[in-house]
Amino acid sequence: MASVLNVKESKAPERTVVVAGLPVDLFSDQLLAVLVKSHFQDIKNEGGDVEDVIYPTRTKGVAYVIFKEKKVAENVIRQKKHWLARKTRHAELTVSHFGDKIFSSVNAILDLSVFGKEVTLETLVKDLKKKIPSLSFSPLKSNGRISVEGSFLAVKRLRESLLARACSLLEKDRNFTSEGRKWNRQNPQRNLQRSNNSLASVRTLVPETARSGEMLVLDTDVFLYLKHKCGSYESTLKKFHILSQEKVDGEITTICLKSIQVGSQPNNAKHVKELIEEWSHALYLKLRKETFILEGKENREKRMIKRACEQLSSRYLEVLINLYRTHIDIIGSSSDTYLFKKGVMKLIGQKVS
């Protein structure tokens with residue numbers, strides 16, 4: 001299955017449309033992809049030859065349709081209303097250009113209190129408004145929470161901006177702690193929330209060896225997949241003689257890279273940082289996560305789910321399975337995670353939604 005990154009890096013964007021409003025509760029992902037392709041190949045819908053349909057994606061109910069000709073994509077968009085086949089109860093689709101404004105109704109709630117006393121929250125919000133003017137911000141609440149609304153890609157830029165701000169604060173103080181194997185991910189549904197002590201603890205527990213290294217901040221799911229499923233991570237660290245110190249804190253992972261070989265090139269750590277950032281960006285666009293909730297279930301059902309995951313792990317080598325006390329995360333490509341989830345549900349005797 002092609003990824004959105006492939007769309008962006010090729011000449012496909014001008015031949016690509018974004019289709020939202022798919023009836024996800026009625027059909028499987030595979031069947032929806034077939035229905036979408038059939039609809040947009042029909043000349044009655046101003047369609048034409050479809051090169052690829054990317055579905056499922058990281059956004060529920062949204063597919064990318066790549067046509068072989070640019071003019072077909074333009075014709076499809078020009079037709080304002082699209083209705084999927086009758087069997088879908090005449091689901092109305094929203095068709096847009098592949099671009100920054102393809103999603104217009106994404107909502108998110110931010111907890112800015114995690115920055116504690118490191119920044120003035122009012123100033124932070126003001127800077128964010130200036131940097132991403134297409135987003136709509138609600139008034140900042142006394143508890144540090146604020147809601148935002150805008151396009152999907154605008155919200156994504158906001159997320160990246162906040163991660164960069166967190167990284168900048170850490171880098172400014174040159175403080176870092178290495179607790180890479182102690183993972184604290186108890187609630188899969190929580191927002192990006194860290195205690196007000198997080199930055200302080202990072203500052204006070206810093207090894208001296210990390211003070212001159214390169215630092216970066218990654219999405220934890222992406223980092224875990226990169227480290228445990230992509231051999232390039234460890235091999236690159238070894239090749240360039242780089243020590244990686246990692247702190248996993250909820251949905252954020254902070255990494256410090258430092259050269260450990262005397263006389264090595266001073267830019268090695270910076271080069272490795274750039275490589276990791278490039279890989280993580282590609283994975284962010286490609287990966288999808290499914291979660292099996294264990295909390296509240298009977299012990300027998302918990303064991304069945306764990307056993308099913310272990311049984312399927314040898315069949316899906318590209319899928320990362322992260323077991324926690326309250327849940328199990330399944331991370332991989334859209335097709336693999338869907339098939340893995342389907343297999344688990346079948347083994348435990350449940351229907352796939």
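Placed above this text is the structure.
Residues numbered from 1 in each chain as written. Predicted model: local features only at pLDDT ≥ 70, side-chain atom pairs only at ≥ 80, totals over all residues. Heavy atoms only, no water.

### Overview of the packing of helix α7 (residues 220-229) against helix α9 (residues 268-286)
- Orientation of α7 relative to α9, taken along the N-to-C sense of each, is 110 degrees, at an axis distance of 10 Å. Considered as vectors, α7 and α9 are oriented roughly perpendicular to each other. Crossing of α7 against α9: the hand is right-handed. Contacts between α7 and α9 involve Val222, Tyr225 and Leu226 from the first element and Ile276, Trp279, Ser280, Leu283 and Tyr284 from the second.
- Of the residues belonging to the contact of α7 with α9, the class tally is seven nonpolar, one polar and no charged. (Axes fitted to C-alpha atoms, helices over the stretch in contact; angles between N-to-C directions. Helix = DSSP H or I, 4+ residues; strand = E, 2+ residues; numbered from the N terminus. Parallel < 35°, antiparallel > 145°, perpendicular 65-115°, else oblique. Left-handed = near helix turned anticlockwise from the far one by under 90°. Contact = heavy atoms within 4.5 Å. Nonpolar A, V, L, I, M, F, W, Y, C, P; charged D, E, K, R; others polar.)

### Points about the sheet that holds strand β12 (residues 287-293)
- On the basis of which strands lie adjacent, the open sheet formed by three strands has the order β12-β14-β13 and antiparallel pairing. Strands at the two margins of the open sheet, each flanked by one partner only, are β12 and β13 (320-323). The sheet shows a mean angle of 20 degrees between the axes of neighbouring strands, taken without regard to direction.
- Relative to strand β14 (residues 327-333), β13 runs antiparallel, the two sharing four bridges. Paired with Ile321 across the bridge in β14 is Ile330.
- The strands touched by α9 within the sheet are β12 and β14, with β12 carrying the most contacts at an inclination of about 60 degrees. (Pairing = 2+ DSSP bridges.)

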